[in-house]
Amino acid sequence: MALSIELNRSAKRSIYRQIAEQIKTQISTGRLPAGSRLPTVRKLATDMGVTRLTIQSAYGELQADGWIESVVGRGTFVSERVQPQTLHSSIGHCLTSDGILSDMFEVNKVIGVRSMAIAEPDSDLFPLDEFWASLTRLRPKAAELFGYTPPQGDPDLRVEVTHLLRDMGIGTTPDDVVITSGVMHGLTLATQALTQPGDAVLIEEPTFIGYLNILRAQGLRPIPVPIHADGPDLEQLEQLMAHEKPALYYTIPNFHNPTGQVWSLAHRRKILALAERYNCPIVEDDIYGLVSFDGSPMPTLRSMDDGNRVLYLNGFSKALMPGLRIGYMVVPEQHKEDLLRLRRSNDLCGSGLNQRALAHFLRDGGLKRHLRRIIPVYRQRRNSAMNALTRYMPSAVTWARPKGGYSIWLTLPRYFPPGELYRMALQQGFVFTAGEAYEMDQDEEFEYLRLCFGNQTEEGIWAGVRLLSEIVRREMVEGGRRNGESLRA
Ligand SMILES: Cc1ncc(COP(=O)(O)O)c(C=O)c1O
């Protein structure tokens, strides 16, 4: 079958990756259905004027990821495991924070769909061998590590975490650190420790959708505060703290999820001053703090707090590997016993083996080496996403350049009923995070979406952004015609 592939020979991006990504797009959009035969390596190389090695590399990558299969003596085919069509019936129907989170996990590992929906690092960049070496070194202690671990966390890991925190400007002792099963678990415990059902909780609008789920599960009342480029709207924050008497304020000051923004120093000072004046605990989520592309991030609220008012959370899901399921909290003395009691009644304790292996890895400098290796890669991916958006998106669509983390927040004129763009993209084998997941007040004028670039190669980002832009452009023009408006798009 004839493939239509356009190469940009002057781009820095490798030719084989451009070919692989365009074949993926044709598969995910259904132009190359499961079972389609691909041209032979020799034919495609001749047609495209590239070497056979280039085509072999592209096919090799597609095969390794399960998109195509080679059958000896018969040829190369689109894999029968490619299944974007079967997905359409089961996902895209429940546009709540939990519904869309559930979609994200369902779609993420499906072969044949390009997902830019989850803010996650790329598994191809995980330091697997180094981490495995840490595990292997623990073999003599395996019996001990397969027993229960202290609920507060492995002592060696708590020591290593205090060293990491010291490098981030947070002075603390292992005694103040509680290890959790991921930051989500820490947020669940911290919120429960600080609230009673029915309490008001201040959140940023938009905020991490997992936190909306925690609030719902614990019967708490979310009170949104709007955010600007440099932080929450301070006037509204003050009014809400004064009138709603919130039990806590949940904030993500570094590389905010989903907007990618960073709170200014002036905002941080004011947030702490307001928390002090209105006696409002702060839950600071710094999970993206180490994924910083343009220099050091701002000092954390915890490092600027002299009133023991900030409960600080971080973890290893974004800077290392989410499957470790390890996070940590720096806990003000007055909350420590409550948190440990909740931890014991919740999951008792974490996995000793994982925690001790991570302690080894950190002590050996594994995280620092890993960050030195991955930050330039993710910076390049961020740059590619910015360039692709500028190149392909209609001018009416806007976004901000994230200085860290994995998310880009797009604002579009509202030409689509809620969920329509999400479902349309899904039918084209492409997934992003629909703005509806953030459960913000319905906006008549704008709609929002989040694009995550961490788990895609640069070529994948270009292909994904291009596909989404084509859908947006087409629908904006159609929508404009339907509405009888003239468009600048
Ligand atoms: C802001 C924020 N906090 C917490 C989490 C959950 O982290 P973990 O995987 O460590 O539970 C996420 C995951 O996306 C996040 O974006």
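Reading the values: the criteria
- Residues numbered from 1 in each chain as written.
- Predicted model: local features only at pLDDT ≥ 70, side-chain atom pairs only at ≥ 80, totals over all residues.
- Helix = DSSP H or I, 4+ residues; strand = E, 2+ residues; numbered from the N terminus.
- Expected span 1.5 Å × (residues − 1).
- Bend = angle between axes of the 7 residues up to and from the residue.
- Buried ≥ 20, exposed ≤ 12 C-beta atoms within 10 Å, placed from the backbone.
- Domains from an automatic or database assignment.
- Contact = placed C-beta atoms within 7 Å.
- Nonpolar A, V, L, I, M, F, W, Y, C, P; charged D, E, K, R; others polar.
- Pairing = 2+ DSSP bridges.
- Axes fitted to C-alpha atoms, helices over the stretch in contact; angles between N-to-C directions.

Student: Could you give an account of helix α16 (residues 366–392), with specific residues and numbers?
Tutor: Over its 27 residues, α16 runs 39 Å from end to end, which matches the ideal 39 Å to within 8%, given 1.5 Å per residue. The axis of α16 is deflected most strongly, by about 30 degrees, at I374, and proline P376 appears within four residues downstream. By the burial criterion, the buried members of α16 are L367, H370, Y378, R381, R382, S384, A385, A388 and L389.

Student: Before we move on, can you summarise the domain arrangement of the protein chain with the specific residues and values?
Tutor: The domain architecture assigned to the protein chain consists of domain 1 (15–78), domain 2 (84–125 + 369–483) and domain 3 (148–364). Contacts between the two partners involve 12 residues from domain 1, matched on the other side by 14 residues from domain 2. Of the residues in the side of domain 1 that touches domain 2, the class split is two nonpolar, seven polar and three charged.

Student: With reference to specific residues and values, describe unusual backbone geometry.
Tutor: With an omega of 5 degrees, the peptide bond between E205 and P206 qualifies as cis. Assignment of secondary structure puts P206 in the loop between β6 (200–205) and α10 (209–217). Of the consecutive residues N257 and P258, the connecting peptide bond is found in the cis state with omega at 15 degrees. For P258, the position within the fold is in the loop between β9 (248–251) and α12 (265–277). Of note, F255 is a non-glycine position whose phi angle comes to about 55 degrees, a positive value. Residues other than glycine seldom take positive phi values, yet L348 does so here, at roughly 70 degrees. Inspection of the secondary structure assignment puts L348 in the loop between α14 (333–346) and α15 (352–363).

Student: For helix α3 (residues 52–64), give the residues involved together with the corresponding values.
Tutor: Given a rise of 1.5 Å per residue, 13 residues ought to cover 18 Å, and the 18 Å separating the end C-alpha atoms of α3 matches this to within 8%. Considering only its buried residues, α3 is in contact with α1 (15–28), α2 (41–48), β2 (68–71) and β3 (75–78).

Student: Go over the environment of E144, please, and point to the residues and values.
Tutor: Note on placement: E144 falls in helix α7 (residues 142–145). By C-beta crowding, E144 is classed as exposed, having 12 other C-beta atoms within 10 Å. The sequence separation of E144 and L353 amounts to 209 residues, and the corresponding C-alpha distance is 8.9 Å.

Student: Outline the pairing of strand β11 (residues 310–315), supporting the account with residue identities and numerical values.
Tutor: Counting buried positions along β11 yields six of six residues, so the element is predominantly enclosed. Of the two faces of β11, the one holding V310, Y312 and N314 and the one holding L311, L313 and G315 are both buried throughout. Across four bridges, the pairing between strand β10 (residues 282–285) and β11 is parallel. Looking at β11, one finds that I282 is bridged to V310.

Student: Account for the sheet that holds strand β14 (residues 407–413), with residues named and values stated.
Tutor: Read from one edge of the open sheet, four strands run β13-β14-β17-β16, paired in antiparallel fashion. Two strands bound the open sheet, and with one partner strand each, they are β13 (398–399) and β16 (433–434). Here β14 pairs with strand β17 (residues 446–452) via seven bridges, running antiparallel. Note on β17: the bridge partner recorded for S407 is C452.

Student: If you had to explain the sheet that holds β2 to someone new, which residues and values would you point to?
Tutor: An order of β1-β3-β2 is seen for the three strands of this open sheet, with the pairing classed as antiparallel. Each edge of the open sheet is held by one strand with a lone partner, namely β1 (37–38) and β2. Pairing of β1 with β3 involves two bridges; the strand directions are antiparallel. Bridge pairing links L38 to T76 in β3. Sheet strands in contact with α3 are β2 and β3, and its direction is about 110 degrees off that of β2.

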